[in-house]
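# An overview of the molecular structure
Letter by letter, the chains look like this.
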Amino acid sequence: LGYMYKGALAVSLVVCFVAVFYTNKHSPATSLHPTSRLTYRLFALGDIHGDLSNTIAILGAAGVIDPHNGTWIAGSSVLVQTGDIVDRGPDALAVYRLMERLAIEAKEQGGRVVSLWGNHEYMNAMGDWRFVSKDDIARFGSRHARCVAFSASGEIGQAWLSRYQVSYRDEHVRAHFVHGGIETSYSHPINNNFDETGRDLMHHLLHTNASCDNGGGGGYGSISATSLRRRSTWKDPYHAFYAERGPMWSRFYATSRDPCPDAEKVMQDLDVDVLVMGHTTHVSGPVVRCNGTVRLIDTGLSAAYEGIPYILEIAKDEKNQTIFIDHYITDKDG
């Protein structure tokens with residue numbers, strides 16, 4: 001199904017495609033006409049990286065917000081954003097404010113906005129500004145103002161502490177969402193306290209951000225000495241959480257030749273049927289692996305990547321079937 005959309009992107013084609021009729025062990029396979037009534041709708045949006053225009057465009061195209069005034073129109077639906085709102089592009093502040101407003105509007109309609117931290121949120125909390133653009137700093141007014149915003153007393157820091165989290169499990173569609181990925185070493189019931197560990201680490205970082213007194217962060221394109229010293233003092237479980245194969249940085253499900261046995265074990269541990277994550281960019285579109293149970297949704301939405309704005313919708317119908325719907329915006333001239 002397609003129609004012309006004129007909005008934050010110049011003339012573009014919006015595509016809504018019922019891509020997979022995934023069936024878990026609790027229900028038989030079936031096909032579904034796109035016009036069938038849906039009883040539950042969840043939208044998953046991957047990495048944004050400072051691009052307000054494309055974020056508004058894809059949210060409008062998917063029917064989450066009104067494309068003209070940007071207000072929430074998805075009723076009782078759930079929107080999950082899997083982290084990395086910040087860095088690379090210039091609009092992090094505006095996107096964070098958009099998400100806070102939508103969270104309020106969604107709640108008023110019986111819906112919900114679930115916001116997750118990505119590795120770039122943690123990087124900014126610790127003063128790692130290697131991927132911060134000059135235009136992004138300008139939006140805050142100064143390096144100092146930007147640094148304060150990302151502290152416990154600042155606008156973004158307060159939002160992070162009050163409403164953001166490491167991962168989200170949706171019981172209706174039996175899906176688990178995280179930024180990088182949950183590997184088997186983290187999913188076992190003995191070790192799966194990654195949500196608590198990640199929250200504790202973020203709380204620690206935001207409350208110990210002392211570098212703002214010296215101008216803020218490490219400056220454009222750098223990492224502060226304070227950040228380096230602070231990280232060198234970390235002990236487990238912080239090191240394990242933030243490690244290369246931890247929940248924020250893992251690329252296992254994107255790069256492994258066969259991640260499916262591990263995915264099956266993790267889904268069993270987490271009691272879900274689907275794993276959804278961002279982090280690893282695929283500019284040609286979303287990646288679906290392991291018979292639809294692993295979904296990588298970072299499509300390089302930001303103009304910094306020139307990828308495809310995309311939202312994954314996971315829905316339930318009247319027969320309690322789980323349906324996956326891909327919402328794209330593709331540039332006609334591209």
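The following paragraphs examine the structure supplied in this document.

Basis of the calculations
- Residues numbered from 1 in each chain as written.
- Predicted model: local features only at pLDDT ≥ 70, side-chain atom pairs only at ≥ 80, totals over all residues.
- Heavy atoms only, no water.
- Buried < 20%, exposed > 50% of the residue type's maximum accessible area, 1.4 Å probe, protein only.
- Helix = DSSP H or I, 4+ residues; strand = E, 2+ residues; numbered from the N terminus.
- Polar contact = N/O pair within 3.5 Å; in protein donor to acceptor, adjacent residues only side chain to side chain.
- Axes fitted to C-alpha atoms, helices over the stretch in contact; angles between N-to-C directions.
- Parallel < 35°, antiparallel > 145°, perpendicular 65-115°, else oblique.
- Left-handed = near helix turned anticlockwise from the far one by under 90°.
- Contact = heavy atoms within 4.5 Å.
- Phe/Tyr/Trp six-rings, centres within 6.5 Å; stacked < 30°, edge-to-face > 60°.
- Core = buried A, V, L, I, M, F, W, Y, C linked by side-chain atoms within 4.5 Å.

### A short note on helix α1 (residues 52–61)
- When you tally the buried positions in α1, you get seven out of 10 residues, the bulk of the element.
- Those residues of α1 lying buried are Asn54, Thr55, Ala57, Ile58, Leu59, Gly60 and Ala61.
- Two or three places before serine 53, at the start of α1, stands the capping residue aspartate 51, its side-chain oxygen 3.3 Å from that residue's backbone nitrogen.
- Looking one or two places after α1, you find glycine 63, whose phi comes out positive at around 85 degrees.

### Structural notes on the packing of α1 against helix α2 (residues 92–108)
- Interaxial distance between α1 and α2 falls to 9 Å at its minimum, and their mutual angle equals 30 degrees. As summarised for this structure, α1 and α2 are arranged roughly parallel, according to the angle between their axes. Crossing of α1 over α2 shows right-handed handedness. Contacts between α1 and α2 involve Leu52, Thr55, Ile56 and Leu59 from the former and Ala94, Val95, Leu98, Met99 and Leu102 from the latter.

### Describing the packing of aromatic side chains
- Going through the model one piece at a time under the given rule, you end up with 14 aromatic pairs.
- Look at tryptophan 234 and tyrosine 242: their rings are 5.7 Å apart centre to centre, the planes differ by 80 degrees, and that puts the pair in the edge-to-face class.
- With relative accessibility at 6%, the residue tryptophan 234 sits in the buried group.
- For tyrosine 242, a relative accessible area of 4% gives the class buried.
- Taking 5.1 Å as the distance between ring centres and 80 degrees as the angle between the ring planes, the aromatic pair formed by phenylalanine 252 and tyrosine 253 counts as edge-to-face.
- For phenylalanine 252, a relative accessible area of 15% gives the class buried.

### A short note on the side chain of histidine 176
- By the secondary structure assignment, histidine 176 is in strand β8 (residues 175–178).
- Under the relative-accessibility criterion, histidine 176 is labelled buried at 5%.
- Among the polar contacts listed, one links the side chain of histidine 176 to the side chain of serine 167, at a separation of 3.2 Å.

### A word on the nonpolar core
- The biggest cluster of nonpolar side chains holds 66 residues, and the ones touching the most others in it are Tyr122 and Trp160.
- It is α2 that provides the largest number of residues to this core, a total of nine residues.
- Leaving out residues up to four positions away in the same chain, tryptophan 160 has contacts with Tyr96, Trp117, Glu121, Ala125, Phe150, Arg199, Met202 and Leu206.
- Membership of the second largest hydrophobic core comes to 20 residues, among which are Tyr40, Val114, Val173 and Ala175.

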